[in-house]
Structures are given as structure tokens and as C-alpha cells.
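Residue-level structural notes
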Amino acid sequence: MTAMRRLPTRTLLPLLLGSLAMSGPTLAQEAAFRDDFNQLDLTRWYVSDGWSNGSHQNCTWSSDQAKAANSMLRVGFAPVPKGDRQYRCGEIQTRKAYGYGTFEARFKTPSGSGLNAAFFTYIGPQQGKPHDEIDFEVLLRDSSHVDTTTFVNGKSGDGTTGAGQSHPLPQPSDADFTTYAFTWEPDRLRFYIDGELVRTMTEPATIPSNPQRIFFSLWGSDTLTDWMGTFAPVTSPIAMEVDWVAFTPLGADCAFDDSILCQDNEDN
């Protein structure tokens, strides 16, 4: 496992959705849910549209790049200009923030150097909170691995960068669907890939404490070459396909068969 270079760019998101009146995960817990994306429920999801996270991003978030069809969410990247960027890219986030519990998603990605496909949670200054974040990121220059990391008050594990680790996948992320999950507790964070525990974090400086929104995104960069690789031009639309996503509050019972909470092992 290797350290991952990570930039806290989501502090730039101009979401303008209002501040969250929450004092901590245990005081503002939301109910369990599972979304199979039979449709894109806009009462649950906000679709990013009309901006980019910074100059490093070579695409503009576009609502036409986040669609539900055939019981699948497609988060896209397309060679269609929007604003001042050459490409369009997709991102969705929950309208609510979720505290301690188990977060799970099953998805497949495309491949391509300079692209990032992510399932993560985030909260930040736009909601009147510090920047806290928990990430699964597939850097698509190497679809055989996924990176995990956290941010606490805008900093990762060692206070600057370095909390990231790279994990081999059971199969390349562009070859088949993989289930990604993490269980977040006040003093521990565990990451799972297809039901197998791959990482446990217990250092207090690496464990977020603020409820966070759930995100899916696919974006590209011409400049972050040391982290994401040299961007390979995309000539036709591609997409990250999300089969389902679920959240179960800490302490709640297993709610569906695919959940890691249904596994009968000591990790859970």
C-alpha cells in the first residue's frame, strides 16, 4: 500500500444549499436507506451543475451527466464543452448529511489516465462546518486499485497529506462491478472491498466527527499528472455505473442481504 497525493479541492464547491443545523453525528442521525436508482430521486439527491472545483479540473459539472436509467445511475464524462471547459462531467450528492454508520455502494468505472471516479462523503465551509471527508477514489489510469483516505478539518492523517492508501481490487474496476463499504464509528473507521476488510483507521486525527453528505463523481484533470496521470483525451461519452448505494446508522441491524452488516464474522 502506498501513500496517495490528495488535494482538499472540495472546499471550493459553491453548493449554496444552506448550512446544516447539526452539532454532531450522534445528535443528527438520519434514517437508513438503500437506493437502487430506479429513478434519480431529486428529493434525496442534488445534481451539481454549472461550475468546476478549480483550475485543475478540465470539466464543468453538468446535470446531463448524472442520469438514472435501467435501474442504474450513470455518472458521466463527455467531450462536450460547457462554460470555459472542454468537457462535461457528473456529480451527485445527498441533500442530507449522515453520521456514524455503514456506507456502501456497488459500482463499475470506465478507464482512462487523468480521470477520477469517486464514492465519498464530504462536509465543509459551505454548510458552516469544517472540511471532513471519507473517500474511495479509483484513479482510472490504474483501474486495478482503489485509494482510501480521510480528511479531518481539511487535513489528512499526518496533518498535511499521507493518509491515503492504495488497495488492489478483486478485478479491474472497468471489468466488473465491485462493492465498496466503510463503517464509521467515533473511534474507528473500517474500509471493505467486496466484503473483505482492507483497512482499519484508529488514530483520532484521522477520524472525522461531522455528519457528511454522500457523493458520486467522475472528473478529469490536465494538471494533476503526478497523482492522476497524464490526461488521455476522451473522444466519446463514458460513465461510472452505480448499481446501488445504502446507508445504515451505527447500531442498526442488517437491512438487506448485500450489506456487510449481514456477514457473520468478527470484523462486523
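Residues numbered from 1 in each chain as written. Predicted model: local features only at pLDDT ≥ 70, side-chain atom pairs only at ≥ 80, totals over all residues. Heavy atoms only, no water.

1. Remarks on the environment of P168
With respect to the helices and strands, the residue P168 is situated in strand β11 (residues 165–168). Residue class for P168 comes out exposed when judged on its relative accessible area of 55%. Along the primary structure P168 and V198 are separated by 30 residues, whereas in three dimensions their C-alpha atoms are 9.3 Å apart. (Helix = DSSP H or I, 4+ residues; strand = E, 2+ residues; numbered from the N terminus. Buried < 20%, exposed > 50% of the residue type's maximum accessible area, 1.4 Å probe, protein only.)

2. Thoughts on the pattern of salt bridges
If you walk through the whole model with that rule in mind, you get 11 salt bridges. The salt bridge involving K82 is made with D49; its shortest N-O contact spans 2.7 Å. On the criterion of sequence distance, the pair formed by K82 in the loop between β5 (73–78) and β6 (87–94) and D49 in the loop between β2 (45–47) and β3 (59–61) is long-range, its members being 33 residues apart. In this structure D49 comes out as partly exposed when scored by relative accessible area, which is 31%. Residue D84 is joined to R85 by a salt bridge in which the shortest nitrogen-to-oxygen separation is 2.9 Å. Here D84 falls in the exposed class, since its relative accessible area comes to 65%. (Salt bridge = Lys/Arg side-chain N within 4 Å of Asp/Glu carboxyl O.)

3. Here's the deal with the state of the cysteines
Counting across every chain of the model gives two disulfides. For C59, the disulfide goes to C89, at an S-S distance of 2.2 Å. What sets the handedness of the C59 and C89 disulfide is the S-S torsion sign, and at about 85 degrees it is right-handed. Within this pair, whereas C59 is found in strand β3, its partner C89 is found in strand β6, the two being separated by 30 residues in sequence. Judged by relative accessible area, which is 0%, C59 ranks as buried. A sulfur-sulfur separation of 1.6 Å characterises the disulfide bridge that pairs C254 with C262. For C254, a relative accessible area of 33% translates into the label partly exposed. Note on C262: relative accessible area 31%, which makes it partly exposed. (Disulfide = S-S within 2.5 Å.)

4. With respect to the pairing of β5
Most of β5 sits inside the fold, with five of its six residues counted as buried. Sheet topology places strand β4 (residues 66–68) next to β5; three bridges connect them, and they run antiparallel. By the bridge assignment, A66 is partnered in β5 with V75. A loop of four residues connects β4 with β5, the two strands running antiparallel in sequence, and N70 in this loop sits at a positive phi of about 55 degrees. Judged from the two bridges that link them, β5 and β6 form a sheet pairing that is antiparallel. Bridge pairing in β6 places A78 opposite R88. (Pairing = 2+ DSSP bridges.)

5. Side note on the packing of aromatic side chains
Applying the stated criterion across every chain yields a total of 24 aromatic pairs. Considering the side-chain rings of F33 and Y98, the 5.4 Å spacing of their centres and the 50 degrees angle between planes classify their relative orientation as tilted. Taken as a pair, F33 in strand β1 (residues 33–35) and Y98 in the loop between β6 and β7 (101–108) lie far apart in primary sequence, 65 residues in all. The buried category is assigned to Y98, whose relative accessible area is 4%. With 5.3 Å between their ring centres and 65 degrees between their planes, Y87 and F231 make a pair best called edge-to-face. You can see Y87 sitting in strand β6 and its partner F231 sitting in the loop between α1 (225–228) and β16 (238–249), a full 144 residues away along the chain. With respect to burial, Y87 and F231 carry one shared label: buried. The ring of W244 has R34 sitting right over it, with the charged end atom 4.5 Å from the ring centre. (Phe/Tyr/Trp six-rings, centres within 6.5 Å; stacked < 30°, edge-to-face > 60°. Lys NZ or Arg CZ within 6 Å of the ring centre and 35° of its normal.)

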